[in-house]
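Below, each chain spelled out in residue letters.
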Amino acid sequence: MLHYKSLTMVLLLCIGMLNSCIKDEAPNAECDITRAAVTVSDIAATFYQATDTAQTVSYSDSVITFTVRPLADLTALAPRFSITEGATISPTNGSVHNFSNGPVYYTLTSEDGMWKRRYRVQFSTPSNIVRDTLAYDFEHAELNSTGNYYVWYEVDGSGQKSYPWATGNPGFRLSSSTAKAEEYISIPEEAGVEGRCVKLTTRSTGIFGQLAKRPLAAGSIFLGTFDLSQALTNSLGATRFGHPTKEIPLRFSAYYKYQRGATYQDKQLIPYPDKQDYGHIYAVLYRNHDEAGNAVTLDGTNVLSSPLIVAIASFDSIDNRANWTSFDIPFTYLTTLDETLLANFGYSLAVVCSSSHKGSLFEGAIGSTLWVDKIRITCNSTKQ
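Owing to the predicted nature of the structure, the values given are computational and were not obtained by experimental measurement.

Student: Could you clarify how one ought to interpret the sheet that holds strand β4 (residues 80-83) in this entry?
Tutor: Across the sheet, which stays open at both edges, the 3 strands sit in the order β2-β1-β4 with antiparallel pairing between neighbours. Either end of the sheet is taken by a strand with one partner, and the two such strands are β2 (54-56) and β4. Taking the axes of each pair of neighbouring strands and ignoring which way they run, one obtains an average angle of 15 degrees across the sheet. When strand β1 (residues 33-37) meets β4, the two strands line up antiparallel, connected through 4 bridges. From the neighbouring strand, A37 faces β4, where its bridge partner is R80.

Student: Explanation requested: the pairing of strand β21 (residues 249-259) in the structure shown.
Tutor: Two faces make up the sheet, and in a regular strand the side chains alternate between them. Where β21 meets strand β29 (residues 369-379), 9 bridges bridge the pair, whose relative direction is antiparallel. Following the sheet pairing, R251 is matched in β29 by T378. Bridge count between β21 and strand β25 (residues 321-330): 7 bridges; the pairing is antiparallel. Across the sheet, S253 pairs through a bridge with D328, a residue of β25.

Student: Before we go on, may I ask you to explain the sheet that holds strand β7 (residues 116-124) in this structure?
Tutor: Sheets are built from strands that pair by backbone hydrogen bonding, the pairs being arranged parallel or antiparallel. Here 4 strands make up an open sheet; going across it, the order is β3-β7-β6-β5 and the pairing mixed. On the outer flanks of this sheet lie β3 (63-67) and β5 (88-90), each paired with one strand and no other. Taking each pair of neighbouring strands and ignoring which way they run, the sheet shows an average axis angle of 25 degrees. Where strand β6 (residues 104-109) meets β7, 6 bridges bridge the pair, whose relative direction is antiparallel. Across the sheet, residue L108 finds its bridge partner in β7, namely R117.

Rules of the game
Residues numbered from 1 in each chain as written. Predicted model: local features only at pLDDT ≥ 70, side-chain atom pairs only at ≥ 80, totals over all residues. Heavy atoms only, no water. Pairing = 2+ DSSP bridges. Helix = DSSP H or I, 4+ residues; strand = E, 2+ residues; numbered from the N terminus. Axes fitted to C-alpha atoms, helices over the stretch in contact; angles between N-to-C directions.

This is how it looks when you write it as structure tokens:
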């Protein structure tokens with residue numbers, strides 16, 4: 001999608017590598033939805049939270065999902081979208097559709113007429129069944145819409161795809177646009193414990209990354225979304241962790257292998273021969289609204305430190321392991337759960353895997369590789 005090119009141009013401008021003057025502004029070549037919202041007469045009858053009526057849409061997202069209550073009337077809804085300047089949208093922005101029959105597809109066309117992008121907009125009712133175990137096996141991966149890097153998805157009992165997992169691959173593309181899909185920081189691998197696994201590798205970001213003081217990118221995969229619009233200006237804010245849940249997590253387990261890279265270095269490319277890189281896998285349960293009722297999504301700045309965290313299970317300092325090794329640790333609860341919030345999806349669950357434990361600070365060893373498979377979160381199924 002062309003927005004990657006425009007973001008790369010921003011990077012070049014920031015580091016002073018563009019010296020030509022733009023005399024006349026060309027027609028906008030982008031066609032993205034940046035925000036989606038829907039208005040209903042009775043919010044409480046349709047949504048769990050008032051903030052569920054609107055959402056920011058990441059550049060990398062092509063599926064927009066509104067979470068609604070089981071008995072919500074979906075027969076006449078009229079979503080409205082904020083779109084990039086000059087773009088057009090079909091069907092008409094704000095037009096009424098019957099979403100009870102399934103998703104509606106919207107096509108955006110750029111101002112210059114050269115680019116199109118298709119979005120699927122859907123209203124989903126989350127399951128009210130609290131499961132004993134959440135299982136993630138990383139069996140399902142495919143190339144993204146532009147064919148540059150891999151994305152992971154889950155398949156439900158009816159065969160419908162969902163995309164709960166995100167990676168740093170979209171950000172890595174900004175500095176390594178010529179890389180092949182298999183050269184990205186997060187890729188699938190066939191040799192898992194059973195079937196496929198995910199392979200995460202810390203890689204150099206090349207000359208662009210060095211000039212921006214981001215010389216490496218840790219391989220990562222996490223429950224959440226990656227906001228590409230923040231990748232250059234607020235890298236930690238680009239990783240938005242967690243999805244709303246009614247589960248009460250008790251234990252966290254997975255299989256892993258690890259091989260650290262040769263030389264640890266900081267964001268200034270200064271080597272530290274006495275330091276070693278480690279992998280990190282952790283899970284966090286947190287309140288997704290603050291005291292004022294504002295929606296909150298934890299990101300790389302606060303996912304391990306926010307006062308909204310209620311429980312955490314962290315397996316850090318992952319050392320070299322040539323063979324598949326398992327861990328099984330409990331969640332440590334910092335506060336008690338509010339049953340009303342739990343019933344209304346007032347908590348979000350995040351799972352994060354990284355090939356470098358300080359990768360968010362752009363520190364680590366290039367070549368450090370973490371393989372992860374068969375993540376399990378054991379939950380308390382007796383409470384609803």
